[in-house]
Amino acid sequence: MKRKRASGDQDKLVYQATKLLHRAAKKAKAFEVQKAVRRLKDARAKGRAGDETAVVRAKAADVDVVVAVALRRCGVANTGAAGEPWVEKLNKDAAATRVAAHKMVVEASRDVDAKATVARRAALLRADP
C-alpha cells in the first residue's frame, strides 16, 4: 500500500493555481501568435511589407513570467520581494503583456483569486474554531 504524501493545503493551492494559469497563458499565447500571423498574411496579400518580428516576438513571449506575475497578484505564491524583476520583465515584453491581459488569463486569475480567498477563509476557521 502506498503512503499518502503529506502536503499542505497551501502547496495544493499553489500547484492547482499554477497549472490553471499556465494552461490559460499557453492558450492566450497561441491566440496572440495566430493573430500576428493573420496580420502578416493580410499585409502581404494587400502588397504591403508585413512585420515578421511581431510573429517572432509573439512566439518568444515568456509564459512563466505571466504565470509568476498572476500568482503574485492573486497572493497565492510569494515570488520574491517587491523589487523582483518579474513585473519589469512583463512590462518590457509587449507580447507577454498582451498575453497577461488576454481574456482567458484574466478569467483564470479571477478563478485563482476566488479559490485563494476560500482557502484563506477555511484556514482561518481551522485556526480559530
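Our subject is the structure listed above.
A brief structural summary. The residue numbering used here restarts from 1 in each chain and proceeds along that chain's sequence as written. Local features in a predicted model are, by the rule used here, given only for residues with pLDDT of at least 70; side-chain atom pairs are given and counted only at 80 or more, and totals for whole chains, interfaces and linings are based on all residues. Values reported for side chains reflect all heavy atoms of the structure, with hydrogen atoms and water molecules removed beforehand.

1. Structural notes on the pattern of salt bridges
Side chains carrying opposite charge are able to pair once their charged atoms draw close together. A side-chain nitrogen of Lys or Arg and a carboxyl oxygen of Asp or Glu constitute a salt bridge if their distance falls within 4 Å. For the structure on display, the rule yields three salt bridges. Glu-52 is paired through a salt bridge with Arg-44; the nearest N and O atoms lie 2.3 Å apart. Here Glu-52 falls in the partly exposed class, since its relative accessible area comes to 45%. The rule is simple: take the accessible area with a 1.4 Å probe, protein chains only, and divide by the maximum for that residue type; under 20% is buried, over 50% is exposed, in between is partly exposed. A residue is classified by how much of its surface remains accessible, and Arg-44, at 48% relative accessible area, is partly exposed.

2. A short note on the environment of Asp-51
Mapped onto the elements, Asp-51 comes out in the loop between α1 (9-45) and α2 (52-59). The exposure class of Asp-51 is partly exposed, given its relative accessible area of 44%. In sequence terms Asp-51 and Val-37 are 14 residues apart; their C-alpha atoms lie 9.3 Å from each other. Strands are runs of DSSP state E lasting at least 2 residues, helices are runs of H or I lasting at least 4, and numbering of each runs from the N terminus.

3. A word on helix α3 (residues 63-74)
Multiplying 1.5 Å by the residue count of a helix minus one yields the expected span of that helix. Look at α3: 17 Å from first C-alpha to last across twelve residues, which is about the 16 Å you get at 1.5 Å a residue. Where α3 is concerned, the buried positions are Val-63, Val-65, Val-66, Val-67, Ala-68, Val-69, Ala-70, Leu-71 and Cys-74. On the buried face of α3, the contacting elements are α1, α4 (86-92), α5 (94-100) and α6 (103-127). Polar contact is the term for a pair of N or O atoms within 3.5 Å; when the atoms are in protein, one must be able to donate a hydrogen and the other to accept it, and sequence-neighboring residues count only if both atoms are side-chain atoms. Two or three places before Asp-64, at the start of α3, stands the capping residue Asp-62, its side-chain oxygen 3.3 Å from that residue's backbone nitrogen. One or two steps after α3, the chain reaches Gly-75, where phi turns positive at roughly 80°. Contact criterion: two residues are considered in contact whenever any of their non-hydrogen atoms come within 4.5 Å of each other.

4. With respect to a positive patch on the surface
Only residues whose relative accessible area exceeds 30% and that form no salt bridge enter a patch; like-charged residues are grouped when within 9 Å of one another, and nonpolar side chains (Val, Leu, Ile, Met, Phe, Trp, Tyr) when within 5 Å. The Shrake-Rupley method, run with a 1.4 Å probe, gives the accessible areas here. Residue values count only the displayed protein chains as cover. In this count, Lys and Arg are taken as positive residues and Asp and Glu as negative ones, while His and the chain termini are left out. For the purpose of locating charges, the reference atoms are NZ of Lys, CZ of Arg, CG of Asp and CD of Glu. Together, Lys-19, Arg-23, Lys-27 and Lys-115 give the surface a local cluster of positive charge. Among the elements that take part in the positive patch, α1 stands out by supplying three residues, more than any other. The topology assignment puts Lys-115 in helix α6.

5. Focus on the side chain of His-102
Structurally, the position occupied by His-102 is in the loop between α5 and α6. Look at His-102 and you get buried, because its relative accessible area is 17%. Residue contacts for His-102: discarding those within four places in its chain leaves Ala-28, Phe-31 and Glu-32.

6. Description of the side chain of Ser-109
Of note, Ser-109 is situated in helix α6. When neighbours within four sequence positions are excluded, Ser-109 is seen to be in contact with Leu-21, Ala-70 and Cys-74.

7. Things to note about the nonpolar core
Residues Val-66 and Val-76 are the most contacted members of the largest nonpolar core, which totals 26 residues. Counting residues per element, the ones that place at least two in this core are α1, α3, α5 and α6. If you tally residues by element for this core, the top one is α3, at eight residues. Discounting residues that sit within four places of it in the chain, Val-66 has contacts with Ala-25, Leu-90, Ala-96, Val-99, Ala-100 and Val-105. As used here, the term nonpolar core means buried Ala, Val, Leu, Ile, Met, Phe, Trp, Tyr and Cys residues forming a set that is joined through side-chain atoms within 4.5 Å.

8. Things to note about the packing of α1 against α3
Packing of α1 against α3 leaves a shortest axis separation of 9 Å and a crossing angle of 135°. Looking at the two axes, α1 sits oblique to α3. As for the relative orientation of α1 and α3, their crossing is right-handed in sense. Packed against α1, whose contacting residues are Ala-17, Thr-18, Leu-21, His-22, Ala-25, Lys-26 and Lys-29, the element α3 presents Val-63, Asp-64, Val-66, Val-67, Ala-70 and Leu-71 at the interface. Each residue is assigned to one class: nonpolar for Ala, Val, Leu, Ile, Met, Phe, Trp, Tyr, Cys and Pro, charged for Asp, Glu, Lys and Arg, and polar for all the others, Gly among them. Classifying every residue of the contact of α1 with α3 by side-chain character gives eight nonpolar, two polar and three charged. Interaxial angles span 0 to 180 degrees and are taken between N-to-C directions of axes, which are lines fitted to C-alpha atoms, for helices over the stretch in contact. The scheme is simple: roughly parallel for angles under 35 degrees, roughly antiparallel for over 145, roughly perpendicular for 65 to 115, oblique for anything else. Handedness of a crossing is defined here by the sense of rotation of the near helix relative to the far one, left-handed for an anticlockwise turn of less than a right angle and right-handed for a clockwise turn.

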